[in-house]
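# Close look at the chain arrangement
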Amino acid sequence: MNRPVNMRIGHSACPHDCPSTCALDVEVLDERTIGRIRGASDNAYTAGVICAKVARYAERVHHPDRLMQPMRRTGPKGSGQFAPISWDEALDRIAEAFIAAETRHGAETVWPYFYAGTMGLVQRDGIERLRHAKRYSGEFGTICTNLAWTGYIAGTGRLAGPDPREIAKSDFVVIWGTNVVVTQVNVMTHAARARKERGAKIAVVDIYRNATMDQADLPLIIRPGTDAALACAVMHVLFRDGLADRAYLARYSDAPEELEAHLQSRTPEWAAAITGLTVAEIEEFARLIGTTKRTFFRLGYGFSRSRNGAVAMHAAASIATVAGSWQYEGGGAFHNNGAIYKLNKKMIEGLDVRDRSVRMLDQSRIGPILTGDADALKGGPPVTAMLIQNTNPVTVCPEQALVRQGFAREDLFVAVHEQFMTDTARMADIVLPATQFLEHDDIYKGGGHQYILFGPKLIEAPGETRENHFVHVELAKRLGVTHPGFDMTAREHIDWMLRHSGFPGGLPELEEKRFLDCQPDFETAHYLRGFGHPDGKFRFKPTWTKVMAPNDGPMGPWRDMPKLPDQWDVIEAADEAHPFRLATPPARNLLNSTFTETPTAGAREGVPSLLMHPEDAARLGLAEGATVEVGNGRGVVRLTLKLFDGLRRGVVIHEGIRSNTSFADGQGINTLVGSDPAAPYGGVAFHDNKVWVRDAEPLQ
Ligand SMILES: Nc1nc2c(c(=O)[nH]1)N[C@H]1C(S)=C(S)[C@@H](COP(=O)(O)OP(=O)(O)OC[C@H]3O[C@@H](n4cnc5c(=O)[nH]c(N)nc54)[C@H](O)[C@@H]3O)O[C@H]1N2
Ligand SMILES: Nc1nc2c(c(=O)[nH]1)N[C@H]1C(S)=C(S)[C@@H](COP(=O)(O)OP(=O)(O)OC[C@H]3O[C@@H](n4cnc5c(=O)[nH]c(N)nc54)[C@H](O)[C@@H]3O)O[C@H]1N2
Ligand code: SF4
Ligand SMILES: [Mo]
């Protein structure tokens, strides 16, 4: 293809909810058009590599189905019948509805609802300023990170770890519960470098032979929710064989003797029976960890999406302490770097006007909340008005039957600000068209690395699309609230935040450098000056009730959590009526529910399907391509069967979060997932579902 002569390369950052937060080089063909996107090679983490779905982002930016003008609903809820209106009318109607709702039920009846469709701090979190200024109900954001972060911080006292670029300097990379080839490609870039340059080995711990496991030297397919058993047996072997670093343990951990005694009975034989691995596999894994100083544990989210997920994450991180891996370059356990950025969010989020007595509603419990569950509503008023940005709850949230029932309520007013007609937008009373990341300014920080990045507006916003910040500012005017943050542009917000967060050069410096490397020094990152707890010691015996301080204290069955790392039997175990365990991990061509609209994703992901072991299928008399019903007490979903021998018998997998409309009967996969809060601070057990599977008639 011929490139226009005046094509330029614009610099940006990937806005998506992905730990990689890649630095991007964007072909800007003219002021409205982009070409290919590439990974920036001068960013040490991105290292020139990005995923295919963002490389072909032009198909999403220039998609014919993008929402281009505000609309109001003209038919029944969910009918998809809308008529165009002006921005002024749309904003007036939202403000009127919010004021009417507040007059009737009090301010807490309004629930601004958002997540991480963009990870840009201005466009994602600015909705909090409106919320705080108006004392609308708070959102307790549990859906993704709570189980994982809680488990990690329980041990280390801090959400940070060794520089993730050190993976390239490791001799043994343990990729645990994260399908990095699919979900955060750069981990594989650095692991592959370690393999090539140092002969490093790669182990992958997962529940199926996914794209990442295909590249492993040591593939470990375990039963879902049994990671802590594996971790305990590994630590048992380390103590048993003199591979535990006792001097390190004495200095840097809280209860090594107690742990050792506790692990006496957690033998490889014990763990083999629970995990389904062989004793030899467990011994080999433990020996490699114990004899390789530079062992880098890259702990992902996947294995924490079970009801025992926080305990499992803590157990896996504990191995690095028993082995003393933290001490070495290329060693330690990394999950996320959230704690290294000390960004002052006061102006973006309006933290100065936050009233902590306002109720916090659990994002993941939106189904029970919208259907009037008094407990989920914290005894307060019903939710009767919502503004939704950056998230698609009518696809991604658990207990979809309740979510859909809630959104169908006639007395619920919903405004959705979106880029596409998602399942959620279809349920709205007012739909507002949103810009995409290349059409507005924002700032990003990497969870899986250590950079702050700038993503400037590179092309004009199409049609009548507007950025999220515009909606916050315009609604604030109409709702009669003031805050200096409503008088600033996105760029001014970025500049203010940087200057109040130890970056005196502000936005001009970030703009010039493109990204700021915030990596702490080696001693800090490797906890050689002590872990994040007051006594500087890693906690094998965490005080689970003190890991985080949300408004409402611990939740779920937290009282039964094991005192020391252990297999905790709170998962939704298979039973006679539900002989299978269903996990619902991401698909390669989608990012959560995003990209479902692009032609490539549609073509490559095919019809929604269920992976099942051929022997299980044979026992049920099911053949490849059969239509099956998958069900449990929460509902029934129809899927197309795919035979796959890369998983254990009794385990079934559905990849990706497809729109409900891509299922023959409109019932998406999250119909089968529970919304009960996992211990100790909530979170969804997306991969922890018992189900039955049976033959079904295909629906047209
Ligand atoms: N292509 C693509 N990339 C994505 C996303 C996407 O949807 N698609 N989503 C983005 C988001 S929001 C997030 S949070 C990250 C999440 O990315 P990850 O950290 O990779 O977490 P998950 O995707 O939940 O699951 C990863 C793996 O965990 C496995 N798993 C499930 N249960 C268990 C278990 O009990 N034990 C073990 N050991 N493994 C288990 C799954 O089979 C899966 O292979 O990815 C981001 N990147
Ligand atoms: N079954 C199952 N369900 C899951 C998961 C799973 O593994 N399995 N994973 C869960 C996880 S980890 C997560 S994080 C959630 C994620 O759930 P969501 O946050 O809902 O997922 P996304 O698809 O990333 O983003 C949602 C929407 O944000 C919109 N958006 C993007 N940028 C902007 C913007 O600038 N402005 C506005 N107004 N909108 C924008 C996109 O168009 C998209 O429709 O899903 C969860 N659901
Ligand atoms: S790997 Fe993740 S951060 Fe990088 S371009 Fe793809 S979605 Fe964006
Ligand atoms: Mo997530």
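As the structure is a prediction and not an experimental result, all values here were calculated from the model. (Residues numbered from 1 in each chain as written. Chains lettered and ligands numbered in written order. Predicted model: local features only at pLDDT ≥ 70, side-chain atom pairs only at ≥ 80, totals over all residues. Heavy atoms only, no water.)

## Some remarks on the nonpolar core
Most often, soluble globular proteins have nonpolar side chains that are buried together. This is how the line gets drawn: What makes a nonpolar core is a set of buried Ala, Val, Leu, Ile, Met, Phe, Trp, Tyr and Cys residues whose side-chain atoms join them at distances within 4.5 Å. For every residue, the accessible area (1.4 Å probe, protein chains only) is compared with the maximum for its type, and the residue is labelled buried under 20%, exposed over 50%, or partly exposed between those bounds. In this analysis, two residues are considered to be in contact whenever any of their non-hydrogen atoms come within 4.5 Å of each other.
Ranked by size, the top nonpolar core spans 176 residues in total, and within it Ile37, Trp176, Phe285, Leu299, Met386 and Phe407 carry the most contacts. If near-sequence neighbours (up to four positions away) are discounted, Phe285 is found in contact with Phe172, Val174, Trp176, Ala203, Val205, Leu218, Leu220, Leu230 and Val234.

## Structural notes on the site of ligand 3
Short version of the rule: Here a residue counts as near a molecule or strand whenever at least one of its heavy atoms sits within 4 Å of it. When residues are grouped by polarity, Ala, Val, Leu, Ile, Met, Phe, Trp, Tyr, Cys and Pro land in nonpolar, Asp, Glu, Lys and Arg in charged, and all others, Gly among them, in polar.
The full set of residues close to ligand 3 is Cys14, Cys18, Ser20, Thr21, Cys22, Ile50, Cys51, Lys53, Val54, Val185 and Leu591. Counted by class, the shell around ligand 3 contains 8 nonpolar, 2 polar and 1 charged residues.

## Let's talk about the site of ligand 2
Operational definition: Polar contacts, as counted here, are pairs of nitrogen or oxygen atoms within 3.5 Å of one another; within protein the pair requires one atom able to donate a hydrogen and one able to accept it, and residues that are adjacent in sequence qualify only if both atoms are side-chain atoms. Each accessible area is a Shrake-Rupley result for a 1.4 Å probe, and residues are judged covered by the shown protein chains and nothing else. Domains are outlined according to an automatic or database domain assignment.
Near ligand 2 there are 31 residues, and of these Thr391, Glu418, Asn468, Thr594 and Asn670 occur at the shortest range. In the environment of ligand 2, an oxygen atom lies 2.8 Å from a nitrogen or oxygen atom belonging to the backbone of Asn392. Taking Gln419, its side chain carries an N or O atom lying 3.2 Å from a nitrogen atom of ligand 2. Within the complex, the protein chains bury 97% of what would otherwise be the 910 Å² of accessible surface of ligand 2. Looking at the shell around ligand 2 residue by residue, the classes come out as 10 nonpolar, 17 polar and 4 charged. Each of domain 2 (71-141 + 347-439 + 458-485) and domain 4 (580-695) gives at least three residues to the shell around ligand 2.

## As for helix α12 (residues 268-275)
Using the following cut-off: Counting from the N terminus, the helices are DSSP H or I runs at least four residues long and the strands are E runs at least two residues long. As used here, the arc is the angular range of directions from the helix axis to the C-beta atoms.
Restricting attention to buried positions, one finds in α12 the residues Pro268, Ala271, Ala272 and Thr275. Along α12, the residues classed as buried sweep out an arc of 105° about the axis, all on the same side. Turning to α12, the residues buried within the fold contact β10 (218-221), α9 (227-240) and α13 (279-291). Looking one or two residues beyond α12, the residue adopting positive phi is Gly276, at roughly 90°.

## Some points on the UniProt feature "domain: 4Fe-4S Mo/W bis-MGD-type" (unreviewed entry) in the chain
Filter applied, for reference: UniProt positions are given in the numbering used here, feature names are shortened, and annotations may be inferred rather than shown by experiment.
The residues that UniProt annotates with the feature "domain: 4Fe-4S Mo/W bis-MGD-type" (unreviewed entry) are residues 7-65. Helix makes up 14% of residues 7-65 and strand 36%, with an end-to-end C-alpha separation of 26 Å.

## Thoughts on the sheet that holds strand β15 (residues 413-418)
Rules: Criterion used throughout: strands pair if DSSP finds at least two bridges between them. Fitted lines through C-alpha atoms serve as axes, helices being fitted only where they are in contact, and the angles separating the N-to-C directions of these axes extend from 0 to 180 degrees.
In spatial order, the strands read β5-β4-β16-β15-β14-β6; together these 6 strands make up an open sheet with mixed pairing. Here the strands that pair on one side only, and so sit at the sheet edges, are β5 (82-84) and β6 (110-114). Between one strand and the next, the sheet's axes are offset by a mean angle of 20°, whatever the strand orientation. As defined by bridge partners, β6 adjoins strand β14 (residues 385-389) across 5 bridges and the pair is classed as parallel. Considered in β14, the bridge of Val110 is made with Ala385. Seen against the sheet, helix α20 (residues 468-479) touches β14, β15 and β16 (430-433) and runs at an angle of roughly 150° to β14.

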